[in-house]
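Chain residues, written in single-letter form:
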Amino acid sequence: QVQLVESGGGLVQAGTSLRLSCAASGRILSSYAMGWFRQAPGKERELVACIASSGSTYYVDFVKGRFTISRDNAKNTVALEMKNLKPEDTAVYYCTTDSYSRILGRRPSYWGQGTQVTVSS
């Protein structure tokens, strides 16, 4: 089993920054990718960014240039640095891990419990 615990969410004003972190524990494969999804009220969960074990990254268009995903393989952690936040970024953000293809396919096996990010205008 794999456990994922997110932290760093909160209430911020538009235009500011926030950093989310996720710690993974359990039976983690070193080759696994890690990623972030989000779900806004009344909307489907959507992929935000993904990072392979090699460090290769993928971002959806609406966060390119504003969000940066990074990972520390030695500590089994992944972070999401979010800049120039907008009210439409308000959502519950979830950490995930699985193969790169499964995360890009929007079907990772392991999920964290989520952390709320609220951006006020």
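Right above here is the structure, for reference.
Residues numbered from 1 in each chain as written. Predicted model: local features only at pLDDT ≥ 70, side-chain atom pairs only at ≥ 80, totals over all residues. Heavy atoms only, no water.

A. Up close: the sheet that holds strand E8 (residues 77–82). Reading across from one edge, E1-E3-E8-E7 is the order of the four strands in this open sheet, with antiparallel pairing throughout. Every other strand in the sheet has two partners, leaving strand E1 (2–7) and strand E7 (67–72) as the edge strands with one partner each. The sheet shows a mean angle of 15° between the axes of neighbouring strands, taken without regard to direction. Where E1 and strand E3 (residues 18–26) come together, six bridges link them in antiparallel fashion. (Pairing = 2+ DSSP bridges. Helix = DSSP H or I, 4+ residues; strand = E, 2+ residues; numbered from the N terminus. Axes fitted to C-alpha atoms, helices over the stretch in contact; angles between N-to-C directions.)

B. Molecular detail of the side chain of Thr 96. Mapped onto the elements of the fold, Thr 96 is located in strand E9 (residues 91–98). The exposure class assigned to Thr 96 is buried, which follows from its relative accessible area of 0%. If we ignore the near neighbours within four places in the chain, the residues touching Thr 96 are Leu 4, Ala 33, Met 34, Gly 35, Trp 36, Phe 37, Ile 103, Pro 108, Tyr 110 and Trp 111. (Buried < 20%, exposed > 50% of the residue type's maximum accessible area, 1.4 Å probe, protein only. Contact = heavy atoms within 4.5 Å.)

C. Quick look at the environment of Phe 62. Looking at the secondary structure, you find Phe 62 in the loop between strand E6 (57–59) and E7. Taking C-alpha positions, Phe 62 is 23 Å from Asp 98, a pair spaced 36 residues apart along the chain. Excluding its chain neighbours within four sequence positions, the residues that come into contact with Phe 62 are Arg 38, Glu 46 and Leu 47.

Taken by themselves, the reported measurements are silent on function.
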